[in-house]
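# A structural walkthrough
Take a look at the letters that make up each chain.
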Amino acid sequence: MKNWKKNLIAGAILLTVCSGIYLNWVFSGGQETKDLEDTLDAQKVMSEDLLVVGKDDSTQVNGETNTITDYFAAVRLSRQEARDSAVSLLQEAMAYGDNEQAAESSAQLEKIIQTALCEAQIESLVIAKGYKDCVAYMTKEGISVAVAAPEGGMKQADVSVIADIVLSQSEFSMSQIRVVEVQ
């Protein structure tokens, strides 16, 4: 009798989840879901694009004019929105999944939290060293640190200071660190 009730409850949950997925697909117009890296706009964060600063403290990236502060704020916002979306999906998986799936989702959630904390620590320490602004972006392959260029541009000593901070706060090797100067 208990197995029958368990199967009925499992079937009802499965039907509810499938219905939710179908309704989401219908109301989103069948659009493809964005990949996490697309949402984070990793190409802009990690690209070799030239940023040119005008006298009014504005930058020009591929013809678009923004302030340096707007650039860093936009990257942080994009990164946070992607994380919020991933956390939401993992929390749903933990709520509706079995014990094994919940444990896996919990581990992924913990990894996201640790990555966010590590990035925040690196950003805070770089800013504490006297740089105007900074944003760090970690992936499996390495870390990119975009730093507002100091007066006179980045020098080898600046890159060494930033790399030292990254090495002390993360498990990346020197070859996995990329410092990008935002001018």
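Conventions used here
Residues numbered from 1 in each chain as written. Predicted model: local features only at pLDDT ≥ 70, side-chain atom pairs only at ≥ 80, totals over all residues. Heavy atoms only, no water. pLDDT = per-residue confidence, 0-100. Contact = heavy atoms within 4.5 Å. Helix = DSSP H or I, 4+ residues; strand = E, 2+ residues; numbered from the N terminus. Expected span 1.5 Å × (residues − 1). Buried < 20%, exposed > 50% of the residue type's maximum accessible area, 1.4 Å probe, protein only. Pairing = 2+ DSSP bridges. Axes fitted to C-alpha atoms, helices over the stretch in contact; angles between N-to-C directions. Phe/Tyr/Trp six-rings, centres within 6.5 Å; stacked < 30°, edge-to-face > 60°. Polar contact = N/O pair within 3.5 Å; in protein donor to acceptor, adjacent residues only side chain to side chain. Patch = residues over 30% accessible without salt bridge, like charges linked within 9 Å, V, L, I, M, F, W, Y side chains within 5 Å. Areas by Shrake-Rupley, 256 points an atom, 1.4 Å probe, with all protein chains shown as cover. Salt bridge = Lys/Arg side-chain N within 4 Å of Asp/Glu carboxyl O.

Okay, the confidence of the model for the protein chain next. With 77% of its residues at a pLDDT of at least 70, the protein chain reaches an overall mean of 77. Across residues 35–65, where pLDDT falls below 50, the model places 55 contacts with residues more than four positions away in sequence or in other chains.

Our next topic: helix H5 (residues 99–128). Helix length check: H5 (30 residues) gives 43 Å between terminal C-alpha atoms against 44 Å at 1.5 Å per residue, within 8%. Residues of H5 that are buried include every one of Ala102, Ser105, Leu109, Thr115, Cys118, Glu119, Ile122, Glu123 and Val126, and no others. Considering only its buried residues, H5 is in contact with helix H4 (68–96), strand E4 (134–138), strand E5 (143–148) and helix H6 (156–169). One or two positions beyond H5, positive phi appears at Gly130, with a value near 110°.

Let us now look at the pairing of E4. Of all the five residues making up E4, five are buried; the element is thus mostly covered by neighbouring parts of the structure. Going residue by residue along E4, you find Cys134, Ala136 and Met138 tucked away on one face and Val135 and Tyr137 tucked away on the opposite face as well. Of the strand pairs in this sheet, E4 and E5 are connected by five bridges, and their pairing is antiparallel. What sits directly across from Tyr137, in E5, is Ser144. Here E4 hands over to E5 after four residues, the two strands then running antiparallel side by side.

Once that is clear, we can look at the sheet that holds E5. The strands that make up a sheet pair up through hydrogen bonds in the backbone, lying either parallel or antiparallel. An order of E4-E5-E6 is seen for the three strands of this open sheet, with the pairing classed as mixed. Since the sheet does not close on itself, it has two edges, and those belong to E4 and strand E6 (177–182), each with one partner. Recorded for the sheet is a direction-independent mean angle of 15° between the axes of neighbouring strands. Sitting on the sheet, H5 touches E4 and E5, and the angle it makes with E4 is about 150°. Against the sheet, H6 contacts E5 and E6, and its axis sits at roughly 135° relative to E6.

This part is about the packing of aromatic side chains. Tallying each qualifying case throughout the model produces one aromatic pair. Relative to Phe72, the ring of Tyr71 has its centre 5.2 Å away and its plane inclined at 75°; by these criteria the two rings are edge-to-face. Just as Tyr71 is buried, Phe72 falls in that class too.

You can see Thr139 is positioned in the loop between E4 and E5. A polar contact is formed between the side chain of Thr139 and the backbone nitrogen of Glu141, at a distance of 3.3 Å.

Let's shift gears to a nonpolar patch on the surface. Nonpolar side chains collect at one region of the surface, where Tyr22, Leu23, Val26 and Phe27 lie side by side and expose about 450 Å² of accessible area between them. Looking at the secondary structure, you find Tyr22 in helix H1 (residues 2–27).

For the structure on display, the rule yields five salt bridges. The partner of Arg79 in a salt bridge is Glu119, and the shortest N-O contact between them spans 3.3 Å. Taken together, the residues span a long stretch of sequence, with Arg79 in helix H4 and Glu119 in helix H5 at a distance of 40 residues. For the pair shown, Arg79 and Glu119 are each scored as buried. For Arg83, the salt bridge is made with Glu119, and the minimal N-O distance between the two is 2.3 Å. Placement of the pair is Arg83 in helix H4 and Glu119 in helix H5, with a sequence separation of 36 residues. Take Arg83 and Glu119: they sit in the same class, and that class is buried. It is possible to trace a salt-bridge network through shared partners that takes in Arg76, Arg79, Arg83, Glu119, Glu123 and Asp133.

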